[in-house]
Amino acid sequence: MIKFSQFILEGGNIKIGDVSAAPFSVTEKNRSDRVKDTKDALGELHDSFHNEHGEQLFGENKKGLKTGSIFAGSTKHLMDPKISDSEFIKHKPTVGDMDIQVMRNHGDKLTSHLTPGRKFGKYTVVGTKKHGNEISALMKHDNGEHHQFDFEKVHYENGEPTQGEQFLHSSNWEDTKAGIKGAHHKILLNAAGGSTHKFSISHGLRSRTDESDPGVQHPNDVSSKLFGNKADHSKVTSFLGVSDLIKKHIPKEQHQAIYDKFKEGVSRVKVDNEPALKHLRNTLGVHD
């Protein structure tokens, strides 16, 4: 199982031999090049994988790559043309790695396909490491920089990662602008489950007591179980939205316990937790 701390701390830290990955520094001048070089490399990877194995790594005709649904976390924001360069740089001047979702059953073949020295676009494979449900590839750009590409094995539907898989590995841009991480969002969902439900990015929302519960992953289903059928399910995709859902749909006498559980959960995440804690305190009217 992937831990919440891994969700936030993994990125740009793979080391193979004496070579370590570095974060992607992003500026208004180089963002378009970062995006193009990444998409070109992934496009060539898809084509060569299809030629050798007869399989569609990112869905038929690269559907997931074309729509951008294969990108997770902050990578999705980097690739989003609706976010201007100036706005992106203001809130996210560095990206730790590229988070990419591939069809679950292609994992072993992909590992063997990413052999050292193989080139895709402007990137050459240095080596790979497997951990959990991910394959991390250390890639060298033609400019000499070394970057990390994380390939997460997930379920696909109609040529793209399922909506549930995209939700589990998401971060919200409005949260990012408020200084709140994707991990904070997932930890808050877990805290909102109280004594009845638990949330993880590997299984979604499940019963806290019934280990046979397969759980739900689609955001609407998660929202329904936690906040009821009448809740505005569109809000469940962000920390800011979940805070509002808790305030509106969970009895006030439970809010302090949710806050305390959230604070205990984020204490193990070595990032700035105060923006998330402050927002939750203000929204729910609770205290430390």
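Report follows, based on the coordinates.

What counts, and at which threshold
- Residues numbered from 1 in each chain as written.
- Predicted model: local features only at pLDDT ≥ 70, side-chain atom pairs only at ≥ 80, totals over all residues.
- Heavy atoms only, no water.
- Core = buried A, V, L, I, M, F, W, Y, C linked by side-chain atoms within 4.5 Å.
- Buried < 20%, exposed > 50% of the residue type's maximum accessible area, 1.4 Å probe, protein only.
- Helix = DSSP H or I, 4+ residues; strand = E, 2+ residues; numbered from the N terminus.
- Pairing = 2+ DSSP bridges.
- Contact = heavy atoms within 4.5 Å.
- Phe/Tyr/Trp six-rings, centres within 6.5 Å; stacked < 30°, edge-to-face > 60°.
- Lys NZ or Arg CZ within 6 Å of the ring centre and 35° of its normal.

## Structural notes on the nonpolar core
- Counting residues in hydrophobic clusters, the biggest one holds 35 residues, and the most contacted among them are Leu 42, Phe 58, Ile 100, Leu 110, Leu 114, Phe 149 and Phe 151.
- Residue assignment for this core shows that the elements contributing at least two residues are α2 (31–53), α4 (73–79), α5 (85–91), β5 (98–103), β7 (123–131), β8 (134–141) and β9 (146–154).
- No other element matches the five residues that α2 contributes to this core.
- By size, the runner-up hydrophobic cluster in this structure holds 31 residues, among which are Leu 188, Leu 226, Phe 239 and Ile 250.

## Remarks on the sheet that holds β7
- In space, the five strands of this open sheet follow the order β5-β9-β8-β7-β6, with mixed pairing throughout. Each end of this open sheet is capped by a strand with a single partner; those strands are β5 and β6 (119–120).
- Pairing geometry for β7 and β8, over eight bridges, is antiparallel. When the bridges of β8 are listed, Tyr 123 appears paired with His 141.

## Notes on the environment of His 53
- The residue His 53 is located in helix α2 in this model.
- Placed 56 residues apart in sequence, His 53 and Lys 109 show a C-alpha to C-alpha distance of 8.0 Å.
- What His 53 contacts, discounting residues up to four positions off in sequence, is Lys 109 and His 113.

## Looking at the packing of aromatic side chains
- This structure, assessed with the given rule, holds five aromatic pairs.
- Between the aromatic rings of Tyr 123 and Phe 149, the centroid separation amounts to 5.1 Å while the plane-to-plane angle is 70 degrees, which identifies the pairing as edge-to-face. Here the residue Tyr 123 occupies a position in strand β7, and Phe 149 occupies one in strand β9, the gap between them amounting to 26 residues.
- With relative accessibility at 1%, the residue Tyr 123 sits in the buried group.
- Judged by centre distance (6.2 Å) and plane angle (80 degrees), the ring pair of Phe 167 and Phe 199 falls under edge-to-face. Taken together, the positions of Phe 167 in helix α7 (residues 163–168) and Phe 199 in strand β12 (residues 197–200) put the pair 32 residues apart, joining distant regions of the chain.
- Phe 167 sits in the buried class, given a relative accessible area of 4%.
- Residue classification places Phe 199 among the buried positions, given a relative accessible area of 2%.
- Positioned over the ring face of Phe 88 is Arg 31, at 4.8 Å from the centre of the ring.

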